[in-house]
Protein chains: 2
Amino acid sequence: MEFPSNIRKTQSRMRVWEILNHANTPLTAKEIAIRAAQDTKDQQGEGATEGALWLSSIYRALDAFANAHAVSRTVLSDSQEALYSLAGNGHHHYAICMNCKKKTELEGCPFAEEKTLHAVDQDFMIVGHTVEVYGYCKQCREQLSKKV
Amino acid sequence: MEFPSNIRKTQSRMRVWEILNHANTPLTAKEIAIRAAQDTKDQQGEGATEGALWLSSIYRALDAFANAHAVSRTVLSDSQEALYSLAGNGHHHYAICMNCKKKTELEGCPFAEEKTLHAVDQDFMIVGHTVEVYGYCKQCREQLSKKV
DNA sequence: TTGTTTCTGCGAATGATTCGCAATTGCAAC
DNA sequence: GTTGCAATTGCGAATCATTCGCAGAAACAA
């Protein structure tokens, strides 16, 4: 997926873009900030503050991308922070452990065959969807059952 | 669905329970507070403040219910406020208009046949899931296309 | 009725996100 | 490449949902 062409290509937006592009899971705004700071430190040495991305700028960049339909925003139901990832590249759904919060990617998408959507089709133009499965992962189940 | 038996049955919890029980869509904590205030006004007349539910109490009640698996909490991806509804009673998924935010109930659930979940089954105990379809409703599409 | 334990009222604290505004930067026309 | 203007950023302050803390008020078992 290419950097959206209808918005200005600025330094900070390009950095946010790069970070999302190299990430293999959705990131929070804060995580993006941390990675940006890390990159800066790697290049300019400890104590560098110049070049770090300000959180509000990250949010604004993400907003711009989201409006251009280039990144997608999701909120997992047990937290109130949003996760961002590049749209396109195919999309992903996750199974989230309610104990350790680990995310496991689901294979396939329940809407792949989109047979369940006929009720809406007619009156509703579908742009996207989210799916989230939650429960307990193996490790946590074992761990929790020991405690009893 | 019955009021959970493992938590104390207090006045405020019962009111939250009633409100959720009579609602036909998921509600935010604030909406619950408003309905509670409304009920109180209806019974005690204008200006009654006694009997209104404090927001933090509502959150605590919802938390208690959620722990007892009696209500479910969802966060729609374009906002950061949570929606609560009684669990059980079958569950619902919604199509949300990105313009007017109106929610239309989806018929059926893509996981009804749960064929897509085999990748997870083995290692992951599934407790629940959320599905959310977003796009534009008929009215908003018409309205938006006029503007161009 | 009493004692213990669990809630609630209330406000203050927290954490994510947004806003406001002056200074800066991207980019298009010269 | 310089100039000019609009879009963007840095930065902090504001907002909004949610959570915490604590003292007084219910629940409910004995």
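If you're wondering where the values come from, they're calculated on a predicted model, not measured in any experiment. (Residues numbered from 1 in each chain as written. Chains lettered and ligands numbered in written order. Predicted model: local features only at pLDDT ≥ 70, side-chain atom pairs only at ≥ 80, totals over all residues. Heavy atoms only, no water.)

Colleague: I keep staring at the overall build of chain A and nothing clicks. Help me out?
Modeller: Scanning chain A from N- to C-terminus turns up five helices and five strands. Scanning chain A from its N terminus toward the C terminus, one meets helices and strands in the order α-α-α-β-β-β-β-α-β-α. For chain A, the proportion of its 148 residues judged to be buried stands at 39%. Here the contacts in chain A between residues at least 6 apart in sequence split such that 53% fall between residues at least 24 apart. Summed over all atoms, the accessible surface of chain A reaches about 9100 Å², with 48% contributed by carbon and sulfur. (Helix = DSSP H or I, 4+ residues; strand = E, 2+ residues; numbered from the N terminus. Buried < 20%, exposed > 50% of the residue type's maximum accessible area, 1.4 Å probe, protein only. Contact = heavy atoms within 4.5 Å. Areas by Shrake-Rupley, 256 points an atom, 1.4 Å probe, with all protein chains shown as cover.)

Colleague: Is there a simple way to think about the sheet that holds strand β3 (residues 94-97) of chain A in this case?
Modeller: Hydrogen bonding along the main chain pairs the strands of a sheet, whether they run parallel or antiparallel. Spatially, the six strands line up as an open sheet ordered β4(A)-β3(A)-β5(A)-β5(B)-β3(B)-β4(B), and their pairing is mixed. The open sheet is flanked by β4 (103-105) of chain A together with β4 (103-105) of chain B, the only strands paired with a single partner. Neighbour-to-neighbour, the strand axes of the sheet open up by a mean angle of 25°, direction not taken into account. Bridging between β3 of chain A and strand β5 (residues 124-137) of chain A involves four bridges; their strand directions are parallel. Residue pairing for β5 of chain A: Tyr94 of chain A is matched across the bridge by Glu132 of chain A. (Pairing = 2+ DSSP bridges. Axes fitted to C-alpha atoms, helices over the stretch in contact; angles between N-to-C directions.)

Colleague: Help me out: how do you make sense of the packing of helix α1 (residues 11-22) of chain B against helix α3 (residues 55-67) of chain B in this one?
Modeller: Each pair of packed helices gets described by two things: the angle between the helix axes and the distance between those axes. Residue and element names in this part refer to chain B. At a minimum axis separation of 9 Å, α1 and α3 run at an interaxial angle of 75°. Considering their axes alone, α1 and α3 lie roughly perpendicular with respect to each other. Two secondary-structure elements touch here, α1 through Arg13, Val16, Trp17 and Leu20 and α3 through Ile58, Ala61, Leu62, Ala64 and Phe65. (Parallel < 35°, antiparallel > 145°, perpendicular 65-115°, else oblique.)

Colleague: I keep staring at the protein's contact with DNA strand C and nothing clicks. Help me out?
Modeller: The environment of DNA strand C is made up of 21 residues, and the closest members are Tyr59 of chain A together with Thr10, Ser12, Arg13 and Ser57 of chain B. If you look at DNA strand C and keep only atoms within 4 Å of the protein, 64% of those are sugar or phosphate atoms. Ala82 of chain A is positioned with one of its backbone polar atoms (N or O) 2.8 Å from a phosphate oxygen of DNA strand C. One nitrogen or oxygen atom from the side chain of Thr10 of chain B is found 2.7 Å from a phosphate oxygen belonging to DNA strand C. (Near = heavy atom within 4 Å. Polar contact = N/O pair within 3.5 Å; in protein donor to acceptor, adjacent residues only side chain to side chain.)

Colleague: For this particular structure, what's the right way to read α1 of chain B?
Modeller: Working note: α-helix, 3.6 residues per turn, so residues spaced by three or four point in the same direction. Residues and elements named next belong to chain B. If you check α1, its first and last C-alpha atoms are 17 Å apart, about what twelve residues at 1.5 Å a residue would give, namely 16 Å. What α1 keeps buried is the set Val16, Trp17, Ile19 and Leu20. Seen along its axis, α1 keeps its buried residues to an arc of 165°; they face one direction. Turned more than 90 degrees off the buried face of α1, the exposed positions are Gln11 and His22. (Expected span 1.5 Å × (residues − 1). Arc of directions from axis to C-beta.)

Colleague: So what exactly am I meant to see when it comes to the protein's contact with DNA strand D here?
Modeller: Close to DNA strand D lie 19 residues; Thr10, Ser12, Arg13 and Ser57 of chain A together with Tyr59 of chain B are nearest. At the protein interface, 63% of the atoms of DNA strand D within 4 Å belong to sugar or phosphate. At 3.3 Å, a side-chain N or O of Glu81 of chain B approaches a phosphate oxygen of DNA strand D. Secondary-structure elements contributing two or more residues to the surface near DNA strand D are α1 (11-22) and α3 (55-67) of chain A together with α3 of chain B.

Colleague: Can you walk me through the pairing of strand β3 (residues 94-97) of chain B in this structure?
Modeller: In regular strands, side chains alternate between the two faces of the sheet. Residues and elements named next belong to chain B. Residue alternation in β3 divides its side chains into two sets, Tyr94 and Ile96 and Ala95 and Cys97, and both sets are buried. Two strands pair when backbone bridges link them, and β3 and β4 are joined in this way by three bridges, in the antiparallel orientation. Counted as the bridge partner of Ile96 is Lys103 from β4.

Colleague: Honestly, the nonpolar core in this entry has me stumped. Any pointers?
Modeller: The tendency in soluble globular proteins is for nonpolar side chains to be buried side by side. Judged by nonpolar contacts, the single largest core of 48 residues is most densely connected at Val16, Leu20 and Phe65 of chain A together with Val16, Leu20 and Phe65 of chain B. Dropping the residues within four chain positions of it, Phe65 of chain B is found in contact with Phe3, Pro4, Ile7, Arg13, Val16, Trp17, Ala70 and Val71 of chain B. Grouped together as the second largest cluster of nonpolar side chains are eight residues, Ala95, Val133, Tyr136 and Cys140 of chain A included. (Core = buried A, V, L, I, M, F, W, Y, C linked by side-chain atoms within 4.5 Å.)

Colleague: What should I look at first to understand unusual backbone geometry in this one?
Modeller: Comment: phi is negative for the bulk of residues other than glycine, and the bulk of peptide bonds are trans. Residue His69 of chain A is not a glycine yet carries a positive backbone phi of 60°. Tracing the backbone through its elements, the reader meets His69 of chain A in the loop between α3 and β1 (71-75).

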